Amino acid sequence: MPVTMQRGLVVALTLFVLGLTPVIVFAEADSKKADGEVSLPKVVATVNGVEIESKIIAFQLNRAMRENQKNFSPDEQRTIIMAIIDKEIVRELVNQEGKSQQVKVDPELVDKELMGIREPYKDKEEFDKALKARGLTEDELKESIKVDLTAKKLIDDQVRGKVKITDEDVKKYYEGN
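Reference entry: report on the structure contained in this document. What you see is a predicted model, and the numbers here were worked out from it, not measured in a lab. Note that residues are indexed from 1 along each chain, following the sequence as it is written. Owing to the predicted nature of the model, reporting of local features is limited to residues with pLDDT of at least 70; listing and counting of side-chain atom pairs is limited to 80 or more, with chain, interface and lining totals taken over all residues. Hydrogens and water are ignored here; the side-chain numbers use all heavy atoms of the structure.

As for the pattern of salt bridges
Note on definitions: salt bridges are taken to be side-chain nitrogens of Lys or Arg within 4 Å of carboxyl oxygens of Asp or Glu. With the rule as written, the count across this model stands at 13 salt bridges. Glu-76 serves as the salt-bridge partner of Lys-70, at 3.4 Å between the closest nitrogen and oxygen. Note on Lys-70: relative accessible area 37%, which makes it partly exposed. Take Glu-76: its relative accessible area is 32%, and that puts it in the partly exposed class. Across the salt bridge formed by Lys-124 and Glu-138, the nearest N and O atoms sit 2.9 Å from each other. Placement of Lys-124 in helix α6 (residues 124-133) and of Glu-138 in helix α7 (residues 138-158) is noted, with a sequence separation of 14 residues between them. Each of Lys-42, Glu-53, Lys-55 and Glu-140 takes part in one network of salt bridges that share partners. Burial classes: relative accessible area under 20% of the type maximum marks a residue as buried, over 50% as exposed, and values in between as partly exposed (1.4 Å probe, protein chains only). Helix and strand assignments follow DSSP, with helices taken as H or I runs no shorter than four residues and strands as E runs no shorter than two, numbered in order from the N terminus.

The structure is reproduced here in structure tokens:
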């Protein structure tokens, strides 16, 4: 098996095994509020010492509810929350791997992405108000953008262009299935 495929399998298996972590962490803290919403602890998971805070999870859950234009039942909320926690854990692991490989993100690129997010707002005051309503600061948003860009750069450097699928590979797969 080529080294690239072995590395990919190791990463995939690691992420699969680590994907079980939030179930253990979150199950202890699972409770309901009186109004039927799911209550979250301040920290929903810790990944190698880095805390994943509930405000990130709540922000994404609220965004999902707005996008779907519906309120989810508590069971649906728990399912969505678990998926969000899983995603955030993987995101943090990829970020940590990027740091360990000394992946650098250009601060100007972070600022450019921030400006793109800020663009729909009429001014900085309105943007800051929207951030505050979501329990975020501009610095937290910038850090989140940096994490995403680090992950993208790591994936670009480690995966893209290194996986080669030949016509023969496609033919073998097609004939075998």
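Notes on the pairing of strand β3 (residues 43-47)
With 4 bridges joining them, β3 and strand β4 (residues 50-53) adopt antiparallel strand pairing. When the sheet's bridge partners are listed, Val-43 is paired in β4 with Glu-53. Hairpin geometry of β3 and β4 is characterised by an intervening segment of 2 residues between the two adjacent antiparallel strands and by a positive phi of about 50° at Asn-48. Here the rule is simple: two strands pair whenever DSSP picks up at least two bridges between them.

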